[in-house]
Amino acid sequence: MSTKTEAPFAVVDRRDLTPLCPHCSAELPEVYTHGRGFPLGQGRTFVYFCPHCVKVLGFAQGRVF
Ligand SMILES: [Zn+2]
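From a predicted model like this one, the values you see are computed outputs, not experimental measurements.

Now, about the coordination of the zinc ion: what can you tell me, with residues and values included?
For the zinc ion, the full set of protein donor atoms is Cys21 (SG), Cys24 (SG), Cys50 (SG) and Cys53 (SG), and the range of their distances to it is 2.3 to 2.4 Å. Geometry at the zinc ion is tetrahedral, judged from the 4 donor atoms that bind it and their angles of 104 to 115 degrees at the metal. Counting along the primary sequence, the residues that act as donors to the zinc ion give the motif C-x2-C-x25-C-x2-C. Of this pair, cysteine 21 sits in the segment before strand E1 (32–33) while cysteine 53 sits in the loop between strand E3 (44–49) and strand E4 (56–62), and the two are 32 residues apart along the sequence. Under the relative-accessibility criterion, cysteine 21 is labelled buried at 2%. A residue is classified by how much of its surface remains accessible, and cysteine 53, at 25% relative accessible area, is partly exposed.

Can you explain the pattern of salt bridges? Please cite residues and give values.
For the structure on display, the rule yields 2 salt bridges. Two residues, arginine 14 and aspartate 16, come together in a salt bridge whose shortest N-O distance is 2.8 Å. Residue arginine 14 is classed as partly exposed on the basis of its relative accessible area of 44%.

Break down the packing of aromatic side chains for me, citing the residues and quoting the values.
Summed over all chains, the structure comprises 1 aromatic pair. Ring plane angle 85 degrees and centroid distance 5.9 Å describe the contact between tyrosine 32 and phenylalanine 49, whose orientation is recorded as edge-to-face. Note that tyrosine 32 is positioned in strand E1 and phenylalanine 49 in strand E3, a separation of 17 residues in sequence. What makes tyrosine 32 partly exposed here is its relative accessible area of 37%.

Describe in detail the confidence of the model for the chain, supporting the description with residues and values.
When pLDDT is averaged across the chain, the result is 80; 71% of the residues are at 70 or more. Per-element mean pLDDT across the chain ranges from 58 in strand E2 (residues 38–39) up to 84 in E1.

Can you break down unusual backbone geometry residue by residue, with the values?
The backbone phi angle of serine 25 is positive, close to 65 degrees, even though this residue is not glycine. With a phi angle near 60 degrees, valine 54 is a residue other than glycine that sits in the positive phi range. Locating valine 54 in the fold gives a position in the loop between E3 and E4. By relative accessible area, valine 54 is classed as exposed at 53%.

Conventions adopted
- Residues numbered from 1 in each chain as written.
- Predicted model: local features only at pLDDT ≥ 70, side-chain atom pairs only at ≥ 80, totals over all residues.
- Heavy atoms only, no water.
- Donors = N, O, S within 2.8 Å, 3.2 Å for Na, K, Ca; no water.
- Tetrahedral: all angles 85-135°; square planar, octahedral: opposite > 155°, others 65-115°.
- Helix = DSSP H or I, 4+ residues; strand = E, 2+ residues; numbered from the N terminus.
- Buried < 20%, exposed > 50% of the residue type's maximum accessible area, 1.4 Å probe, protein only.
- Salt bridge = Lys/Arg side-chain N within 4 Å of Asp/Glu carboxyl O.
- Phe/Tyr/Trp six-rings, centres within 6.5 Å; stacked < 30°, edge-to-face > 60°.
- pLDDT = per-residue confidence, 0-100.

Below you can see the structure in the form of structure tokens.
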């Protein structure tokens, strides 16, 4: 492992691991989103939330259409 990279960290695709909700610690094989988005500033902002406790996990700017 002497390969020198400029990236500060590696992104590894681990689909065998299931993320946990930071709020209720439930496994998140899927997350829910308000697919149509809602106006929040510029463009559409999508909100992702836990299907168990319905707390918001994060936001994302979308340019689907
Ligand atoms: Zn949760």
